[in-house]
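Below, each chain spelled out in residue letters.
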Amino acid sequence: MSKLKVMTVFGTRPEAIKMAPLALELAGRPEFDAQCCVTAQHREMLDSVLDIFQLKPDYDLNIMEPRQTLSTITSKCLTGMDGVLEEAKPDLVLVHGDTSTTFAGALAAFYHKIPVGHVEAGLRTYDKWSPYPEELNRKLVGSLADLHFCPTVSNRDNLARENIRDGVFITGNTVIDALQTTVVKDFSFSEKILNVLDYVNRKVILVTCHRRENYGQPMTNIMTALRRVADAFPEAELVYPVHLSPVVQEAAHKYLDNHPRIHLIAPLDVREMHNLMARCHLVMTDSGGLQEEAPALGKPVLVLRKETERPEAVAAGTVRLAGVEEEPIFQMASQLLSNRSEYDKMAHAVNPYGDGRACRRIADAIAWHFGLRKEPPEAFGA
Ligand code: UD1
Ligand code: UDP
């Protein structure tokens with residue numbers, strides 16, 4: 001029996017973290033010939049993930065430029081993918097989430113008449129400008145894809161409202177699969193400050209902030225609020241691994257440098273990040289992935305955005321929207337730092353995003369769709 005050629009395509013840090021376990025699952029199965037193409041929309045932050053998961057791409061488009069624009073990323077991915085798809089001729093292309101790589105990868109496959117599978121399908125805010133450009137990227141990929149791997153029931157329902165009902169599977173999010181391999185009890189950090197912080201007697205706040213719609217005034221508001229939190233709470237230690245985007249680097253250093261309890265550090269590798277999250281007191285972030293990981297680890301999250309496409313953890317009580325204005329962010333953080341019962345209400349582990357078996361379900365669903373397996377996988381949460 002000839003093997004089904006399945007190509008994973010990804011380019012940024014979060015896509016890599018969420019696609020690596022799937023690429024490894026596919027590679028370990030006899031029915032698939034697994035291929036991996038990276039666009040390297042991110043360079044260093046991607047390579048760090050590839051190293052940790054020991055994943056060696058078959059193709060690397062190496063497209064990243066400093067301060068790249070959305071058009072450059074999309075056009076370089078699209079033209080780069082042409083040669084790759086002509087040579088590799090996959091039976092299925094898998095893309096992930098909502099980045100420019102995701103959109104261009106799916107479009108390139110469509111131009112080559114190759115079926116597309118969308119991992120992490122069906123997330124929506126219904127605001128085309130937020131997150132920008134991700135909301136439109138994932139909607140467009142929803143139209144291009146033939147198979148839709150939704151993390152949750154509500155993601156499935158979002159697609160149904162757009163009349164996308166065929167080829168839809170509820171699988172859980174692959175990030176929970178990744179998380180189960182990275183968090184260990186006696187982790188030793190290579191970032192020095194993370195080994196000396198007192199996680200028991202101090203309140204370590206893990207911060208990340210990088211979204212394009214937060215560039216400018218929202219980011220200024222966020223940074224100002226963070227500094228106020230550090231000033232107002234002597235027991236707080238803020239750890240902020242700063243994204244390599246020059247826009248983010250400039251904002252973070254401008255507002256947060258030279259404070260004894262604000263630690264601006266380089267991006268962490270994914271194991272360091274997950275283990276830091278497992279030990280911290282509170283997470284403040286505009287990241288998508290952190291909103292899924294922190295609840296699984298029982299850590300409260302304040303989301304530094306106006307909306308979220310991940311309502312499940314809000315409903316479960318572990319995530320709250322803090323917005324992008326200085327005062328509400330400061331007030332919400334202050335409440336959690338000064339009121340133990342408010343904190344305890346949020347600090348319980350919930351797993352609305354997965355059970356660690358998403359990759360297996362996705363691989364089973366692909367096998368079933370292509371006639372290599374008799375039964376479809378059971379839905380996550382069924
Ligand atoms: C991208 C995604 C966003 C995702 C985020 C995850 C798009 C449009 N945006 O945003 O959805 O949430 O990744 O982090 O696809 N840089 C480096 N080295 C790296 C990575 C980035 O130097 O390893 C710098 C470069 O100057 C680059 C800039 O960061 O031009 C911005 O990268 P880009 O991928 O365009 O945007 P992100 O904000 O990272
Ligand atoms: N992450 C990491 N190191 C860091 C910051 C984030 O490994 O310094 C991980 C994080 O745990 C999550 C993913 O990167 O798995 C989220 O990526 P990011 O916030 O860049 O993108 P988003 O999820 O917002 O698209």
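Residues numbered from 1 in each chain as written. Chains lettered and ligands numbered in written order. Predicted model: local features only at pLDDT ≥ 70, side-chain atom pairs only at ≥ 80, totals over all residues. Heavy atoms only, no water.

(A) Highlighting the sheet that holds strand S7 (residues 168–170). The seven strands are arranged S3-S2-S1-S4-S5-S6-S7 in an open sheet whose pairing can be described as parallel. Each edge of the sheet is formed by a strand with only one pairing partner; in this case those strands are strand S3 (59–60) and S7. Pairing geometry for strand S4 (residues 92–96) and strand S5 (residues 116–119), over four bridges, is parallel. Bridge pairing links His96 to Val119 in S5. Each of strand S1 (4–10), S4 and S5 touches helix H4 (residues 100–111); the most contacted strand, S4, lies at about 165° to it. Of the strands in this sheet, S1, strand S2 (32–38), S4, S5, strand S6 (147–150) and S7 touch helix H16 (residues 358–369), which is tilted by about 155° from S6. (Pairing = 2+ DSSP bridges. Helix = DSSP H or I, 4+ residues; strand = E, 2+ residues; numbered from the N terminus. Contact = heavy atoms within 4.5 Å. Axes fitted to C-alpha atoms, helices over the stretch in contact; angles between N-to-C directions.)

(B) Spatial organisation of the layout of surface pockets. Taken as a whole, the second largest pocket encloses approximately 160 Å³ of empty space. Around the second largest pocket sit Tyr199, Val200, Arg202, Lys203, Ala278, Arg279, Cys280, His281, Arg340 and Tyr343, which together line it. When its residues are assigned to classes, the lining of the second largest pocket shows five nonpolar, one polar and four charged. (1 Å grid on protein atoms, 1.4 Å probe; cavity = no way out; pocket = protein on both sides within 12 Å on 5 of 7 lines; lining within 4 Å. Points joined across faces, edges and corners; volume = space filled by probe spheres on them. Nonpolar A, V, L, I, M, F, W, Y, C, P; charged D, E, K, R; others polar.)

(C) Layout of the site of ligand 1. As a structural note, the neighbourhood of ligand 1 is formed by 26 residues, with His42, Glu44, Glu65, Glu134 and Arg212 the closest of them. The contact in question runs from a nitrogen atom of ligand 1 to an N or O atom on the side chain of Glu44, over 2.7 Å. The backbone of Ser245 places a nitrogen or oxygen atom 3.5 Å from an oxygen atom of ligand 1. For ligand 1, whose accessible area on its own is 750 Å², the fraction buried by protein is 95%. Of all the elements in the fold, those that place two or more residues in the shell around ligand 1 are helix H2 (44–53) and helix H3 (70–88). Tallied by class, the residues present in the shell around ligand 1 amount to ten nonpolar, nine polar and seven charged. (Near = heavy atom within 4 Å. Polar contact = N/O pair within 3.5 Å; in protein donor to acceptor, adjacent residues only side chain to side chain. Areas by Shrake-Rupley, 256 points an atom, 1.4 Å probe, with all protein chains shown as cover.)

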